[in-house]
Each structure stands twice: as structure tokens, then as C-alpha cells.
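# Structural characterization, general
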Amino acid sequence: VILSSSLVQKVQRLLHCYPLENIMRFTAAAAAVAVTSIAAASAFSAIKRSSSRSSAKHQHFSVPNELLESTTCECKDELVLAVQLALEAGKNMTKHYDSKGTADENMGDLQINTKMNDADFATAIDVENENYISNEILKKFPGHAIIGEESTGTGTIPPLTNEPTWIIDPIDGTTNFASGLPLSCVSIGFCRDGKPYMGVVFAPMTNELYIGVQDHGAYRNGIRLLGCSGEKATKTLSHSVVNFEFGYARDEEDVEKMALAVKRLLQHGVRTTRTLGSGVLDLCYVACGRMDVVYTGIAAEGWNPWDYCAGLVIAVESGCTMSHLSPSEMDKAGYDFNLYSKNMICGVNSKVVDECRSCVLGL
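The sections below set out a description of the structure shown in this document. Model, not experiment: these values are computed from the prediction.

## Some thoughts on the overall build of the chain
- The helix and strand inventory of the chain stands at 12 helices and 14 strands.
- By residue count, 45% of the 363 residues in the chain fall in the buried class.
- Considering only contacts in the chain between residues 6 or more positions apart, those separated by 24 or more positions represent 67%.
- Accessible surface, the chain: about 17900 Å² in total, of which carbon and sulfur atoms supply 54%.

What follows is the structure, encoded as C-alpha cells:
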């Protein structure tokens, strides 16, 4: 330590003017202040480092370099665009989320319109998101086809051809969104030769971006998801978190079928069950091992192509088994899955898929 001459002089005067015991007390106090200052500075530095890590974590909303640098990824331009559009559409959802339950809330802004029944509805943000995504896609890829939930409405879903086709759910989990519950997302899938090839899912309130490309893996916030290994490979039904959605089915027969399936699960024994309200996020959460299996199609609660497409790629690329719940269609798995089917089961491994199928169907 180098002391200035002025400081040395002050110390010398101190030694001449004060008893040694007073100097010792002064020195101890000064040391305590110094230690406190050092501790505060260290804590502040730790907070800055933590903040920097947190900030860096949320900057992974981009296409991983492994995909951009790949010589075999055949949808780089589409992927970059899909990520950009999903992020922008997600940003469009945050105003409602931020105002929900506060003096700034105005539910009239959502302009809720029902479809089949009061449980099936769309908001103005759903329509805005889909229009924005579709228009931007057609600007860059005017020859591509688009299948969107809101443009389809309650009409017949357009067939999937061999032409490059985008399948869009502008807000999956609309009920969660309207209610202010954080589990909703923007889902953008892309198909080549009549099969899903790329999927992008952005959940704005959990700050998670999922990306999957056929034969190139799946990612969450830029980090690759694990394949079917370790705990995922050995998971059995009795140790599983099982997910299902009740959808819009409300008549007595359908309700009894769905309830019976849940009863069979509980009687068989599972770790727990969950109903999250977003089919796309259900698939993403199975893909990353937060849940172990999800099924649909016991009754009239089956899903649509925009519920499957992007999530299918992410799930399959993370090593999951995605097939049909119905035994007559179970041979159509992975990228051969029929996006127009009303039944599906997806699990972290093939064994838990077979176990769950047999259990809920009572086979």
C-alpha cells in the first residue's frame, strides 16, 4: 500500500497528540468502516454481475448459430423471419397482461368474439397477431400458403399440400391470455412436402423462445434441449406428470369420458396431473421434461393443426415420442403424425406413451 505524504504527516501528529489506547480504538473503528465498505462494494459488484447474467439470459431470443451455420438446414430465412414475427406478436400481448387486474385494465379493448360456444373465443389481439404474421410472411414469401386459426374460424380447415405452408396460432391459450394467466404463446409452424419441418414458439410472460428444426434439434432460449436419455428415457407412468386439456367439450357424454380417463390415471397411480390451458406449451413442456406425457382426443376436446405443428417439431427433435391416442392410428408417429387428427399422445419416451394410452383408454 502506498501512502501519500500528507497522510503520513497526519498520522505523525496523531501519535503525538493522542494516547495509544485512543489510537487503537480509532484504528479498530476505521478498520470496521473499511471492511463494511469493502463488503458493500463486493455486494454491489455481485448484484451487477447477476443483473448482467440475467440480461444476457434474455438476449437469447435469436436463431442459434448452429442452425445458421448448418449446411443442411433448408429453412434459414423462414426461421429467422418466424423468430422475428413471434417476438413481435408476443410483445403485442404484453399490454393486456401488464394492465390485467389494475386500474389500467380495459377488457373492452380485447373485443372478445365467441366461436363454437362461450368457452371458444378469440380476442382482437388474436386477430391482430395473425394478420401481422400472415402479411409479413407473404411480403417475403408471396408463393407460400398459410393456415391460420383465426382466418379459418369455424370453417373447414384448408388441406395441407406439398407447397411450403405456414401454420399459425397467433395466441395459443387465449383463455389464459384474456384472464391474465401467464401460460399462453405465439406458435408458428412451417411445413415442407406436406410435413412439419420447423417450429417456433414464444411465450412472452415466461420469456421463453422455443425453436425446432427437423433433424437439427430443439432449443429453448438458445440452449439445446436434451434428447431421450437419462431420466427421460426411463420414465414410467407411475412416476409421471400427466397433462391433458378438457378443451371445449361440455355435453354429458363427453365430460364423462374425459373424467373416466382421469379416474383411470389416478387409480393406476401417477405422480400428478396438470391442465395448463395451452396445447402448444404442453408439447414444449414435455419436450423439455417439465411434464412427461400429454394426451388429447378422449372425446370432443381434440386439437387442430395449429395446436400441433410447431410443438410437434420441438417435441420430436428433443427425443419425445408423438403419436396418436387411437390404437388404429398409432403407427403414424413423429413427422408422419396426421396434423388433422383429433387425437394425440406425446411422451418423453415410447414406453410411457404406450402405458398412458392403455391406461386412459382402459385397454
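## So, the pattern of salt bridges
- Taken as a whole and judged by the stated rule, the model has 10 salt bridges.
- In this structure, Glu-231 and Lys-235 form a salt bridge, with 3.1 Å as the shortest nitrogen-oxygen distance.
- One salt bridge in this structure joins Glu-253 and Lys-257, with 3.6 Å as the shortest N-O distance. Separated by 4 residues within a single helix, Glu-253 and Lys-257 lie in helix α9 (residues 252-268), roughly one turn from each other.
- Beyond isolated ion pairs, a larger network of salt bridges with shared partners links Glu-231, Lys-235 and Asp-292.

## Let's talk about the pairing of strand β14 (residues 344-347)
- With burial as the criterion, each face of β14 is covered, one bearing Met-344 and Cys-346 and the other bearing Ile-345 and Gly-347.
- Sheet topology note: the strand β12 (residues 293-296)/β14 ladder contains 4 bridges and is antiparallel. For Val-294, the partnering residue across the bridge sits in β14 and is Cys-346.
- Note: strand β13 (residues 321-323) against β14, 3 bridges, orientation antiparallel. Within β14, the residue paired with Met-322 across the bridge is Cys-346.

## Considerations on the nonpolar core
- Ranked by internal contacts, the top residues of the largest apolar core, which has 59 residues, are Val-201, Leu-265, Tyr-295, Met-322, Met-344, Cys-346 and Cys-356.
- The element that contributes the greatest number of residues to this core is helix α11 (residues 305-317), accounting for 9 residues.
- Once residues lying within four places of it in the same chain are set aside, the contact partners of Leu-265 are Leu-237, Val-242, Val-270, Tyr-295, Cys-356, Cys-359 and Val-360.
- Membership of the second largest hydrophobic core comes to 36 residues, among which are Cys-73, Leu-79, Leu-110 and Ile-168.

## Looking at the sheet that holds strand β7 (residues 208-213)
- The strand order across the open sheet built from 7 strands is β3-β4-β5-β6-β7-β8-β9, with neighbouring strands paired in mixed fashion. In this open sheet, the two edge strands, each paired with only one partner strand, are β3 (145-148) and β9 (223-224).
- The pairing of β7 with strand β8 (residues 217-220) spans 4 bridges and is classified as antiparallel. Following the sheet pairing, Tyr-210 is matched in β8 by Arg-220.

## Overview of the environment of Glu-105
- Looking at where Glu-105 falls in the secondary structure, it is placed in the loop between α4 (76-99) and β1 (113-114).
- The exposure class of Glu-105 is partly exposed, given its relative accessible area of 25%.
- Taking C-alpha positions, Glu-105 is 9.3 Å from Lys-95, a pair spaced 10 residues apart along the chain.
- Among the polar contacts made by the side chain of Glu-105, one reaches the side chain of Lys-100 at a distance of 3.0 Å.

## Brief notes about α9
- If you check α9, its first and last C-alpha atoms are 24 Å apart, about what 17 residues at 1.5 Å a residue would give, namely 24 Å.
- Buried within α9 are the following residues: Asp-254, Met-258, Ala-261, Val-262 and Leu-265. Taken around the axis of α9, the buried residues stretch over an arc of 90°, which confines them to a single face. Along α9, exposed side chains directed more than 90 degrees from the buried face belong to Glu-252, Glu-253, Leu-266 and Gln-267.
- In this structure, the buried residues of α9 make contact with β10 (241-244), β12 and α12 (350-361).
- Capping of α9 at its N-terminal end is provided by Asp-251; its side-chain oxygen lies 3.2 Å from the backbone amide nitrogen of Glu-253.
- Two residues or fewer past α9, Gly-269 is found with a positive phi of approximately 110°.

## Observations regarding the sheet that holds β13
- Strand order in the open sheet formed by 5 strands is β11-β10-β12-β14-β13, with mixed pairing between adjacent strands. This sheet does not close on itself; its edge strands, each paired only once, are β11 (272-274) and β13. Here the average twist between neighbouring strands, direction ignored, is 15°.
- For β10 and β12, the ladder comprises 3 bridges, and the chain directions are parallel.

## Side note on α11
- End to end, α11 covers 18 Å across 13 residues, agreeing with the expected 18 Å (1.5 Å per residue, within 8%).
- The largest bend along α11 reaches roughly 35° and is located at Gly-311.
- Burial within α11 is extensive, with 13 of its 13 residues counted as buried.
- Positive backbone phi, at 90°, marks Gly-319, one or two positions downstream of α11.

## Description of the side chain of Thr-296
- Secondary-structure assignment places Thr-296 in strand β12.
- Residue Thr-296 is classed as buried on the basis of its relative accessible area of 0%.
- Within polar-contact distance, the side chain of Thr-296 engages the backbone oxygen of Glu-301 at 3.2 Å.
- Leaving out residues up to four positions away in the same chain, Thr-296 has contacts with Glu-301, Gly-302, Trp-303, Tyr-308, Leu-325, Lys-342, Asn-343 and Met-344.

Parameters at a glance
Residues numbered from 1 in each chain as written. Predicted model: local features only at pLDDT ≥ 70, side-chain atom pairs only at ≥ 80, totals over all residues. Heavy atoms only, no water. Helix = DSSP H or I, 4+ residues; strand = E, 2+ residues; numbered from the N terminus. Buried < 20%, exposed > 50% of the residue type's maximum accessible area, 1.4 Å probe, protein only. Contact = heavy atoms within 4.5 Å. Areas by Shrake-Rupley, 256 points an atom, 1.4 Å probe, with all protein chains shown as cover. Salt bridge = Lys/Arg side-chain N within 4 Å of Asp/Glu carboxyl O. Pairing = 2+ DSSP bridges. Core = buried A, V, L, I, M, F, W, Y, C linked by side-chain atoms within 4.5 Å. Polar contact = N/O pair within 3.5 Å; in protein donor to acceptor, adjacent residues only side chain to side chain. Expected span 1.5 Å × (residues − 1). Arc of directions from axis to C-beta. Axes fitted to C-alpha atoms, helices over the stretch in contact; angles between N-to-C directions. Bend = angle between axes of the 7 residues up to and from the residue.

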